[in-house]
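# Working through the structure, step by step
The chain contents come next:
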Amino acid sequence: MAATAAGPKVGKRRGRVLGNPGLIVSAVVLGAIVIMAVFAPLFAPYDPYAQILDDRLIPPAFIDAELADPRYLLGTDNLGRDYLSRLIYGARISLLIGFLTMLVSGVIGTAMGVAAGYFGGRVDTVVSFLVTTRLSLPVVMVALAVVAIAGGSLQVVVLVLGLLLWDRFAVVMRSATMQLRSLDYVAAARAIGASTPRVLLSEILPNLVSPLVVVASYEMAQAILLEAALSFLGLGVQPPLPSWGLMVAEAKEFMLFEPWMILLPGLAICILVLAINLLGDGIRDATAPEGR
Amino acid sequence: MTPILEIRGVTKRYSVRRGMFEPKRSLMAVAGVSATLPRGEVLGLVGESGCGKSTLAKMVLGLETPTEGEILVDGRPVASLGRLERARLVQPVFQDPYSSLNPRRTVAAIVGQPLDVHGEGTAPERRTRVAEMLALVGLAERHAAAYPNQLSGGQRQRVAIARALILRPSLVVCDEPTSALDVSVQAQILNLLAELQAKLGLSYLFISHNLAVVYLIATRVAVMYLGRLVEVGQAETVLTAPDHPYTQALLSAVPTPKPGRGLPGAPLKGSFPNPLDPPPGCPFHPRCPVAQDVCATTPPALESKQAGSTVACHFAG
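Here is a short report on the structure shown in this document. All values reported here derive from a predicted model rather than from experimental measurement. (Residues numbered from 1 in each chain as written. Chains lettered and ligands numbered in written order. Predicted model: local features only at pLDDT ≥ 70, side-chain atom pairs only at ≥ 80, totals over all residues. Heavy atoms only, no water.)

### Brief notes about the overall build of chain B
- Counting its secondary structure elements, chain B contains nine helices and 12 strands.
- Its C-alpha radius of gyration of 21 Å places chain B within 12% of the 20 Å reference for a compact globule of 317 residues.
- Dimensions of chain B, computed from the C-alpha atoms along their principal axes, are close to 70 × 50 × 45 Å.
- Considering only contacts in chain B between residues 6 or more positions apart, those separated by 24 or more positions represent 65%.
- Surface accessibility of chain B: about 13,900 Å² in total, with carbon and sulfur atoms responsible for 53%.
- If you average the places of the 32 positive and of the 25 negative side-chain charges in chain B, the two averages end up 5 Å apart. (Helix = DSSP H or I, 4+ residues; strand = E, 2+ residues; numbered from the N terminus. Rg over C-alpha atoms; globule rule 2.2 N^0.38 Å. Contact = heavy atoms within 4.5 Å. Areas by Shrake-Rupley, 256 points an atom, 1.4 Å probe, with all protein chains shown as cover. Lys, Arg positive; Asp, Glu negative; His and termini not counted. Charge placed at Lys NZ, Arg CZ, Asp CG, Glu CD.)

Shown next as structure tokens:
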């Protein structure tokens, strides 16, 4: 959109992007993680599943320089698998689950929220009831129950989380749509004869992008955390898949003597979630139209 | 010739519930309004905030449906027109140009949107028509690529006018088109509207609470109070020799531009009544300086009092 704008606008927007260190740093960090995850076979020095039982529990150099092995940059786990390779492959699982879950819940929540906000009345009553019902369900409990019945796998985790995390999308989109609906440009669009789908797609949705980006980033981070939690409890993705949550779970037995094993995947989760949240906030600040 | 706009006994009721356990009550936003607007003229609709002016405008635009009565545009009932057909007959210009333009579209996209919706012409044809329209409302070519937030209030209102006129409607509903603008810009927009009316043979339903603005542009004036018309007539007559005590009070409250005169005193006692609880009889009687017992019981009908003027008052004139 900025490409078609007149000169001063582009300059202002570029200024808003470059003047926001949080946005730059998070974009770089997230970009690095995404590239690493997509091209994992190129970056990972070893097969994340290959067990070299002679080289078990080798700490990384910055933990114990004497025991460290230069072949394993971040050490090895209790089965002699290269920790760096597992972390790199683990980023794939986290990002995939985060992104797909956000997509599923975003589509459900946005559709419900926009419908409730625009049409009001009965539609609003029904949507509000569904949101209340959903909010009364504890996410982790329901996810545990469903995964326990259906079995843990990537697809099940995405579906369960996607069907549980749409509430914030619905609530935020509903109130944002209600504000937009009363604006004159929506009335003007109806007066020029635009159909309801057209009004929703070309007048309402484009003006929902800012809050949508924030909620989407928050929900993606939330989904990544929940996947880690489910995997930690043994109900998410199953071993030997290298999920970060699973790595934390596997490391907890060695927490006393090899605390770095739990620290590294924990730190990875923390950095990823932080980067996504900062990016969402930054994008919102940079894309909001001036004067609004 | 059929009048361009004919409002026949239109009533709009909303049901309102103040709290969860309160009973529903009905609010009469517009109560039995009838008016006609001959082709090529401007009907000024004046009244206080909350008197139902904008509700009436929304019904003329087909954005709301009347509870009772019907509205004919060009002899055809608005309610029975399809949305595309209706859009070709009547278009709005809204009060606040800051909320009437989508902030995410360029000026060219906003002005060209009606052509888009109606599937008129090819892309180059649309571009030419948008450029012609922008020139007609006094915007430069370079404004076409601008976003609304890069324009001033007056320029935005010109964009809104261009969007309203690109389909060549016969009736334009101007809902306080100048009241959100600076005084100097108000005059420019008014002149533009008057100019376009003459050039394109438009008719306006012009809503305002600014009597000076209405005096300048309107040929006929309708004064509204609490959802009812209290006085209708030629602009000249109504605004210089009003018959209804409410119109008289409105006129005496207009500030004079002469220095040293001070503010005009408020000629009316009390305040605007709660539309949920309208007074019985004549809705104006609690504030009326000439009210008598009959006013509290019998609502007056609109009756001809002068040449061309109709007034709803027992003691008018």
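### Focus: the overall build of chain A
- Of regular secondary structure, chain A possesses 13 helices and zero strands.
- Along chain A, helices and strands appear, N-terminal first, in the series α-α-α-α-α-α-α-α-α-α-α-α-α.
- Expressed as lengths along the three principal axes of its C-alpha atoms, the size of chain A is roughly 75 × 50 × 30 Å.
- When burial is assessed residue by residue, chain A has 48% of its 292 residues classed as buried.
- Taking the intrachain contacts of chain A between residues at least 6 apart in sequence as the baseline, contacts between residues at least 24 apart amount to 74%.
- Summed over all atoms, the accessible surface of chain A reaches about 13,700 Å², with 71% contributed by carbon and sulfur. (Buried < 20%, exposed > 50% of the residue type's maximum accessible area, 1.4 Å probe, protein only.)

### Quick notes on the packing of helix α2 (residues 21-38) of chain A against helix α13 (residues 260-287) of chain A
All names here are of chain A.
- The contact between α2 and α13 brings their axes to 8 Å, and the two run at 130°. In this view, α2 runs oblique relative to α13, as classed from their interaxial angle. Seen from above, α2 lies across α13 with left-handed handedness. Residue-level contacts link G22, L23, S26, A27, V29, L30 and I33 of α2 to I271, L272, A275, I276, L278, L279, G282, I283 and A286 of α13.
- For the contact of α2 with α13, the class distribution of residues is 13 nonpolar, three polar and no charged. (Axes fitted to C-alpha atoms, helices over the stretch in contact; angles between N-to-C directions. Parallel < 35°, antiparallel > 145°, perpendicular 65-115°, else oblique. Left-handed = near helix turned anticlockwise from the far one by under 90°. Nonpolar A, V, L, I, M, F, W, Y, C, P; charged D, E, K, R; others polar.)

### Some words on the nonpolar core
- V111, I161, Y204 and V221 of chain B are the most contacted members of the largest nonpolar core, which has 56 residues in total.
- Excluding anything up to four places from it in sequence, I161 of chain B contacts V93, V137, I189, L192, L193 and L196 of chain B.
- If you look at the next biggest cluster of nonpolar residues, it comprises 39 residues, including Y83, F169, V248 and L272 of chain A. (Core = buried A, V, L, I, M, F, W, Y, C linked by side-chain atoms within 4.5 Å.)

### Quick word on the interface of chain A and chain B
- Contacts between the two partners involve 28 residues from chain A, matched on the other side by 29 residues from chain B.
- When chain A packs against chain B, close to 2,400 Å² is buried across both sides, 53% of that on carbon and sulfur atoms.
- Among the ionic pairs, R198 of chain A bridges to D116 of chain B, the shortest N-O distance being 3.8 Å.
- Linking chain A with chain B are 12 residue pairs in polar contact (both at pLDDT 80 or more).
- Looking at which element gives the most residues to the side of chain A that touches chain B, the answer is helix α9 (residues 184-191) of chain A, with six residues.
- Split into classes, the residues belonging to the side of chain A that touches chain B amount to 14 nonpolar, seven polar and seven charged. (Buried area = accessible area lost by both parts, 1.4 Å probe. Salt bridge = Lys/Arg side-chain N within 4 Å of Asp/Glu carboxyl O. Polar contact = N/O pair within 3.5 Å; in protein donor to acceptor, adjacent residues only side chain to side chain.)

### Observations regarding the packing of aromatic side chains
- Counted according to the given criterion, the structure contains five aromatic pairs over all chains.
- Note on Y83 of chain A and W260 of chain A: the rings are 5.5 Å apart at their centroids and 80° apart in plane angle, and the pair reads as edge-to-face. Highlighted residues: Y83 of chain A in helix α4 (residues 83-119) and W260 of chain A in helix α13, separated in sequence by 177 residues.
- Measuring from ring centre to ring centre gives 5.1 Å for Y246 of chain B and F284 of chain B, while their planes differ by 70°; the resulting arrangement is edge-to-face. With a gap of 38 residues between them, Y246 of chain B in helix α9 (residues 245-252) and F284 of chain B in the loop between α9 and β11 (303-306) connect regions that are remote in the sequence. Residue Y246 of chain B shares its accessibility class with F284 of chain B, and that shared class is buried.
- Put simply, the rings of Y225, Y246 and F284 of chain B pair up and form one aromatic cluster.
- Lying over the aromatic face of F232 of chain A, K252 of chain A brings its terminal NZ or CZ to 5.3 Å of the ring centre. (Phe/Tyr/Trp six-rings, centres within 6.5 Å; stacked < 30°, edge-to-face > 60°. Lys NZ or Arg CZ within 6 Å of the ring centre and 35° of its normal.)

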